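# Commentary on secondary and tertiary structure
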Amino acid sequence: EMADPKQDLLKEVEKPHELKHAETTDKSAPVISSDVHIKQVDRTPFLEEVKKGAELDHVDTVDKSKPQIPDDAHVKTVDRTPFLQEGSSGINAEYGGVRVVLVVMV
């Protein structure tokens, strides 16, 4: 009987392993030179102004975000289940059929 390399690898990984102690140096803190001074800024007046709010002018807009589908376009539903059932072990068996909606331009 031939040994299975995958099973051998899994057995090797599952064995207990003794780890060596590792010394680490935490360098995650920011390095700020001693001659750098951080200036404090009083933002209270600015925040009070923001809290007051502002009066906005009315703006007329034209919403062009909807799709541009011509009036003579027809929506047709195509049931592709019979097509997908040819060779029933494929995608149809796994996902249970697919319905497709087509927009037909006439």
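Relevant structure appears above.
Residues numbered from 1 in each chain as written. Predicted model: local features only at pLDDT ≥ 70, side-chain atom pairs only at ≥ 80, totals over all residues. Heavy atoms only, no water.

Quick look at the overall build of the protein now. Each helix and strand in the protein was counted, giving four helices and two strands. Listed N to C, the secondary structure of the protein is α-α-β-α-α-β in terms of helices and strands. Here the protein holds 106 residues, and the buried ones make up 3% of them. A sequence separation of at least 24 residues applies to 53% of the contacts in the protein between residues at least 6 apart. As displayed, the protein offers around 11400 Å² of accessible surface, 55% of which is attributable to carbon and sulfur atoms. (Helix = DSSP H or I, 4+ residues; strand = E, 2+ residues; numbered from the N terminus. Buried < 20%, exposed > 50% of the residue type's maximum accessible area, 1.4 Å probe, protein only. Contact = heavy atoms within 4.5 Å. Areas by Shrake-Rupley, 256 points an atom, 1.4 Å probe, with all protein chains shown as cover.)

Structurally, D26 can be placed in the loop between helix 1 (5-14) and helix 2 (44-52). Reaching out from D26, the side chain makes a polar contact with the side chain of S28 at a distance of 2.7 Å. (Polar contact = N/O pair within 3.5 Å; in protein donor to acceptor, adjacent residues only side chain to side chain.)

With that settled, consider a nonpolar patch on the surface. On the surface, I32, V36 and I38 cluster together into a nonpolar patch covering about 310 Å² of accessible area. Its location among the elements puts I32 in the loop between helix 1 and helix 2. Judged by its relative accessible area of 52%, I32 is exposed. (Patch = residues over 30% accessible without salt bridge, like charges linked within 9 Å, V, L, I, M, F, W, Y side chains within 5 Å. Salt bridge = Lys/Arg side-chain N within 4 Å of Asp/Glu carboxyl O.)

Another aspect to go through is the environment of D42. In this fold, D42 is placed in the loop between helix 1 and helix 2. Among the polar contacts made by the side chain of D42, one reaches the side chain of T44 at a distance of 2.7 Å.

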